[in-house]
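Chain by chain, the residues:
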Amino acid sequence: MLSGPQCPKCQCRLLLLLLLAVAAPGNSRPYSASFSLAGSWFLRSQDGSLEVEGQVPGCVHSALFQHGVIQDPYYRFNDLNYSWISLDNWTYSKEFRIPFDFSKLQKISLIFEGVDTVVEVLLNNVTIGKTDNMFTRYTFDITKEIRELNIIKLHFQSAVLYAAQQSQAHREYRILPECPEPVQKGVCHVNFIRKEQCSFSWDWGPSFPTQGIWKDVRIVAYDICHLDDFTFTPTYVNSSREWNLKIEAYFDVVSSKPFGGQVTVSIPGLQTHQIYDIELYPGKSMISLLLNINKNTTVETWWPNGHGNQTGYNMAVTFKLEGGYHIKKLAKVYFRTVELIEAPIAGSSGLSFYFKINGLPIFIKGSNWIPADSFQDRVTSDLLRLLLQSVVDANMNTLRVWGGGVYEQDEFYEICDELGLMIWQDFMFACALYPTDQAFVDSVRAEVVHQIRRLKSHPSIIIWSGNNENEAALAENWFSVPSSKRQIYFRDYVTLYVKNIREIVLAEDQTRPYITSSPTNGAESISEGWISRKPYDTHFGDVHFYDYESDCWNWKVFPKARFVSEYGYQSWPSFSTLEKVSSAEDWSYNSSFSLHRQHHKNGNTEMLNQAAIHFKLPQNSDPLIMFKNTLYLTQVMQAQCVKTETEFYRRSQSEVIDGEGHTMGALYWQLNDIWQAPSWASLEYGGKWKMLHYFAQQFFSPLLPVGFEDDGIFYIYGVSDLHLDYMMTLTVSSLASWLKKAERQKEQEVRVHQWSSLEPVCSRRTEFLVVKAGQATPLYKEPVMELLKRCGQCMRQSCVISFDLTAGSEFSSPTNHHFLSSLKDAVGLEKAQITAKITQQGDVYSFELKTTAVAPFVWLDVGNIAGRFSDNGFLLTEKRKTILFYPWKSTSITKLEKSLHLISLADIY
Ligand code: BMA
């Protein structure tokens, strides 16, 4: 099992990892050198009964799995079977040689980019430091301990045991909640440890409190100085109409005397070139430069997805220090501004809560991001790209990196910069109270400083937010704090999120807003002493909203809030995803496996109850078909619920009714999954799209007609994220010639279909005039009774309305529809015979569908073949329809034909 650090192959790899910094011309030795200790390490359990080689970055679970000591930790009940791994205290060790001559270099540091979590670090049997925060970078001075041949050891303490110990030591008062709900099958006191909070279990995730070195670790040796951090943040100066770029460089200076140098900053694409004289002082020394971008060039700004390009400019920064030492940094700089507008709204009490990017108000549409795996070493670049591309493909412009996970890896933010995804970045605190003793606060301070410096150069990040739901937890007393003790917890809250985190954000980054919590009332919470009496007030800030019992087709249950940063419904992942981690005995809705994977109390029942409001529940004598159809129905329910809710928020952006409205954000809970289990996610573990994700692609479309009923009247609003107003007019017969005359004229068509016929029973083009840019415009209004009468044979139960917006051949909205009754009452809905003919067109596969009848929620599933369809879960009203399949890995027609499973709603009865 052991292929230890001594193995010759590993030593070669070490040498290859050697990085030498730029040596000054004519200088006999490099002033700085570094090499990574990533790669193969040796792992040992506390009593020595298990010894195994493991990779860094990585964790104990991954090492044990890779060496066959354990099965897939996600298989069946293994999260419980393997709880011993997290309760053990592991040691990581490695022998290494320094592959360069370090004897003359002044300082040698050991830098951990991320250690998970509680560790005593020994070098050559001398303790050189301790760690207790997985979100901080640790730098240890090892100048005295380093030899040519070294042994490094990391003695881990079980995170679970450490958290319990910390809680015991905190005698004055309890930090609540002490344990997760039993249904989460987790471990206690996660709020006492600065570690991924959901790793002790969550209502969608397992308990895997990992131990390991989860980021790079390296040795850096240097003379004179070392550049620890390098940041750059653009600002736009309104008065002079110019862009400035603030560049900050943080040095560790080992020279005993101050010394000078020059910095050259060059952005060729903006014809900007500037040289600065600098002076560095012994110790930690920071240099701040303000670069004025050449006013005679046009700076192309960075825009969110759907609003423009993500133009970036290459920048080179060269530090030429006395003695001829050079340090060169290359980076991509993006220019954009962000403002969070909290201002009075006409006709409403309270304040607005919306974002302006580059001065333009932007409706925030997207979802919430959680860690993509319990084992971060499995979150590869490919996986990140796949998930984030799916975000863009679903027409989202924003993700909220939720506070119970991790500050994501650099590549995550780089991809978001490239794709135009805005990030709402929480600090990593969630659904709990936290201690504020000095050691804890100091650890948080170091974490926050480190993360801001690491991340603030990314244009994608548009806001910092102190925590997830902790203001609400206090305001609504979730943890039953006795009233005599409330002030203590209030004080702790202010200490952590205001006096520490907020202060640091204000000092470190003046280029984006900070809010103390989500949800919060923003300025109103501040005026109430940071904890509002009613953080879910629809007149202020953001809200989170969950209601599983009320009928989700009834938009009146949803809050007409300023901004909704969480809302959602659960569903089950597809069978192909579950199959990988279960066995035949698990394949029923009430199996112990199905109960085990459900971490939200009564979640499985809630899903069926919600589905039963509008759908008949599946019936089949074959238990496997019954199980698969139930999984499908939960996805139908979820997709339809989140669609109704999101459309309500989007159409509420331009109106204020009874003081409520002006809704400028909709981020549903949640984008992705951490494992294969029922959850609120729209992407399954591994990235497969659930029906909700296909629906999101439509309901987040830049141009969307939204239909709804109020008091027996059917309305359509035209929701537009476009930057121009578009004219609409009624065209009856001469659409083509009319469109030629006025390019920007648009039209809207309302069609009514009978379940029993593939031909629309009636169709009408309206004559509303303008779909306003960046607004939701009322376009159409007709009493349902009149509409039914007009359409002859229609009753609510027998007909469905579909509608779309088009601007001639230029572009069109997706076709949207409105059900006039529950589908369990539908009259004339037949079992459609749908066939698919698959052909290949280059890298894409075409599925030509033919149907015998109108079919709602048509679902194409190709099992484990990775990829996505152009559309899915749709209402099929045409006899023929072509759907494309975009594979993520190479596949073939034969494989697709073999895997294809096609189903629509009537098939499950
Ligand atoms: C919110 C989130 C998560 C949770 C979700 C679903 O509270 O912040 O904590 O997973 O709801 O319950």
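The structure displayed is predicted, hence computed values, not measured ones.

Chemist: When you look at the overall build of the protein in this model, what are you seeing that I'm missing?
Modeler: Each helix and strand counted, the protein has 19 helices and 55 strands in total. Radius of gyration (C-alpha) of the protein: 29 Å, near the 29 Å computed for a compact globule of 909 residues. For the protein, the spread of C-alpha atoms along the three principal axes comes to 95 × 70 × 65 Å. For the protein, buried positions account for 61% of its 909 residues. Of the roughly 34,300 Å² of accessible surface on the protein, a fraction of 50% belongs to carbon and sulfur atoms. The centroid of the 84 positive side-chain charges in the protein is displaced by 3 Å from the centroid of its 97 negative side-chain charges.

Chemist: It is not clear to me how the packing of helix 8 (residues 438–455) against helix 10 (residues 486–508) should be interpreted in this structure. Could you clarify?
Modeler: For any two helices packed against each other, one specifies the inter-axial angle together with the distance between the axes. Remark: helix 8 packs on helix 10, axes separated minimally by 10 Å, with the N-to-C direction vectors making an angle of 30 degrees. Classified by the angle between their axes, helix 8 and helix 10 sit roughly parallel to one another. By crossing handedness, the relation of helix 8 to helix 10 is classed as right-handed. Facing Phe440, Val441, Val444, Arg445, Val448, Val449, Ile452 and Arg453 of helix 8, the residues of helix 10 in contact are Leu496, Lys499, Asn500, Ile501, Ile504, Val505 and Glu508.

Chemist: What is the right way to look at the nonpolar core in this model?
Modeler: A general feature of soluble globular proteins is that nonpolar side chains tend to end up buried together. Ranked by size, the top nonpolar core spans 161 residues in total, and within it Trp369, Phe412, Phe427, Phe847 and Phe857 carry the most contacts. Broken down by element, this core gets its largest block of residues, eleven residues, from helix 15 (residues 623–651). Ignoring any residue separated from it by four or fewer positions in sequence, one finds Phe847 in contact with Ala836, Lys837, Ile838, Leu860, Val862, Phe869, Lys881, Thr882, Ile883, Phe885, Leu896 and Leu900. Of all hydrophobic cores here, the second largest spans 40 residues; its members include Leu37, Leu50, Phe112 and Leu154.

Chemist: Could you clarify how one ought to interpret the sheet that holds strand 5 (residues 58–59) in this entry?
Modeler: The strands that make up a sheet are held in pairs by hydrogen bonds between backbone atoms, and each pair lies either parallel or antiparallel. Here we have three strands laid out as an open sheet, ordered 5-15-8, and antiparallel in their pairing. Taken across any chain shown, the strands that pair with only one partner, and hence form the sheet edges, are strand 5 and strand 8 (115–116). Here strand 8 runs beside strand 15 (residues 212–213); their pairing, made up of two bridges, is antiparallel. Looking across to strand 15, one finds that Val115 is bridged to Ile213.

Chemist: Could you clarify how one ought to interpret helix 16 (residues 691–699) in this entry?
Modeler: A turn of α-helix holds 3.6 residues, and therefore any two residues three or four places apart point the same way. With eight of nine residues buried, helix 16 lies mostly within the body of the structure. Listed as buried for helix 16 are Met691, Leu692, His693, Tyr694, Phe695, Ala696, Gln697 and Phe699.

Chemist: Help me out: how do you make sense of helix 6 (residues 381–393) in this one?
Modeler: Along its 13 residues, helix 6 runs 18 Å from first to last C-alpha, staying within 8% of the 18 Å computed at 1.5 Å per residue. Buried within helix 6 we find Leu383, Leu384, Leu387, Leu388, Ser390, Val391 and Val392. Summarising the contacts, the buried residues of helix 6 are in contact with strand 29 (364–369), strand 30 (398–401), helix 7 (410–419) and helix 16. Where helix 6 terminates, the next one or two residues include Asn395, which has phi positive at roughly 65 degrees.

Chemist: Which parts of the structure should I look at to understand the pattern of salt bridges?
Modeler: Side-chain pairing between opposite charges can occur once the charged atoms of the two side chains come close. The full count for this structure, using the stated rule, is 34 salt bridges. Between Lys107 and Asp252 there is a salt bridge, with the nearest N and O atoms lying 2.9 Å from each other. With Lys107 in strand 7 (residues 107–112) and Asp252 in strand 18 (residues 242–253), this residue pair connects regions lying 145 residues apart in the sequence. Pair check on accessibility: Lys107 and Asp252 agree, each one buried. A salt bridge links Glu709 to Arg796; its shortest N-O distance comes to 2.7 Å. Of this pair, Glu709 sits in strand 39 (residues 703–710) while Arg796 sits in the loop between helix 18 (784–790) and strand 46 (799–807), and the two are 87 residues apart along the sequence. Under the relative-accessibility criterion, Arg796 is labelled partly exposed at 26%. Taken together, the shared-partner salt bridges connect Lys107, Asp228, Asp252 and Lys284 into one network.

Chemist: What's the story with the site of the ligand in this structure? I'm lost.
Modeler: For the ligand, the full set of nearby residues is Trp202, Asp203, Trp204, Trp402, Cys431, Asn468, Glu469, Tyr546, Glu566, Trp669 and Trp680. Measuring from an oxygen atom of the ligand, one finds a side-chain N or O atom of Trp202 at 2.9 Å. Here an oxygen atom of the ligand and a side-chain polar atom of Trp204 are 2.7 Å apart. Here the ligand, which alone exposes 300 Å², has 90% of that area covered by the protein.

Chemist: Just to check I follow, could you spell out unusual backbone geometry for this structure?
Modeler: With omega at 0 degrees, the peptide bond leading from Val56 into Pro57 counts as cis. Structurally, Pro57 can be placed in the loop between strand 4 (51–56) and strand 5. In this structure, the amide linkage connecting Leu176 to the following residue, Pro177, adopts the cis form with an omega of -5 degrees. Inspection of the secondary structure assignment puts Pro177 in the loop between helix 5 (159–169) and strand 13 (200–202). With a phi angle near 50 degrees, Arg241 is a residue other than glycine that sits in the positive phi range. For Arg241, the location among the structural elements is in the loop between strand 17 (225–237) and strand 18. Residue classification places Arg241 among the exposed positions, given a relative accessible area of 67%. Backbone geometry places Asn395, a non-glycine residue, at a positive phi of 65 degrees.

Chemist: Just to check I follow, could you spell out the sheet that holds strand 17 for this structure?
Modeler: Across the sheet, which stays open at both edges, the three strands sit in the order 17-18-21 with antiparallel pairing between neighbours. Strand pairing shows two members of the sheet lacking a second neighbour, strand 17 and strand 21 (283–292), which therefore form its edges. Neighbour-to-neighbour, the strand axes of the sheet open up by a mean angle of 15 degrees, direction not taken into account. The sheet contact formed by strand 18 and strand 21 spans ten bridges and is antiparallel.

Chemist: Hey, could you run me through the pairing of strand 31 (residues 422–426) in this one?
Modeler: Remember that side chains alternate between the two faces of the sheet whenever the strand is regular. Counting buried residues along strand 31, five of its five residues qualify, which places the element largely inside the surrounding structure. What you see with strand 31 is no split at all: Met422, Trp424 and Asp426 on one side and Ile423 and Gln425 on the other are buried throughout. Across four bridges, the pairing between strand 30 and strand 31 is parallel. When the bridges of strand 31 are listed, Thr398 appears paired with Met422. Pairing analysis gives four bridges linking strand 31 to strand 32 (residues 461–465), with the strands arranged parallel. Looking across to strand 32, one finds that Gln425 is bridged to Trp464. Viewed along the sheet, the connection from strand 31 through helix 8 into strand 32 turns out right-handed.

Basis of the calculations
- Residues numbered from 1 in each chain as written.
- Predicted model: local features only at pLDDT ≥ 70, side-chain atom pairs only at ≥ 80, totals over all residues.
- Heavy atoms only, no water.
- Helix = DSSP H or I, 4+ residues; strand = E, 2+ residues; numbered from the N terminus.
- Rg over C-alpha atoms; globule rule 2.2 N^0.38 Å.
- Buried < 20%, exposed > 50% of the residue type's maximum accessible area, 1.4 Å probe, protein only.
- Areas by Shrake-Rupley, 256 points an atom, 1.4 Å probe, with all protein chains shown as cover.
- Lys, Arg positive; Asp, Glu negative; His and termini not counted.
- Charge placed at Lys NZ, Arg CZ, Asp CG, Glu CD.
- Axes fitted to C-alpha atoms, helices over the stretch in contact; angles between N-to-C directions.
- Parallel < 35°, antiparallel > 145°, perpendicular 65-115°, else oblique.
- Left-handed = near helix turned anticlockwise from the far one by under 90°.
- Contact = heavy atoms within 4.5 Å.
- Core = buried A, V, L, I, M, F, W, Y, C linked by side-chain atoms within 4.5 Å.
- Pairing = 2+ DSSP bridges.
- Expected span 1.5 Å × (residues − 1).
- Salt bridge = Lys/Arg side-chain N within 4 Å of Asp/Glu carboxyl O.
- Near = heavy atom within 4 Å.
- Polar contact = N/O pair within 3.5 Å; in protein donor to acceptor, adjacent residues only side chain to side chain.
- Right-handed = clockwise from strand over helix to strand, strands pointing away.

By themselves, these figures tell us nothing about what the structure is for.
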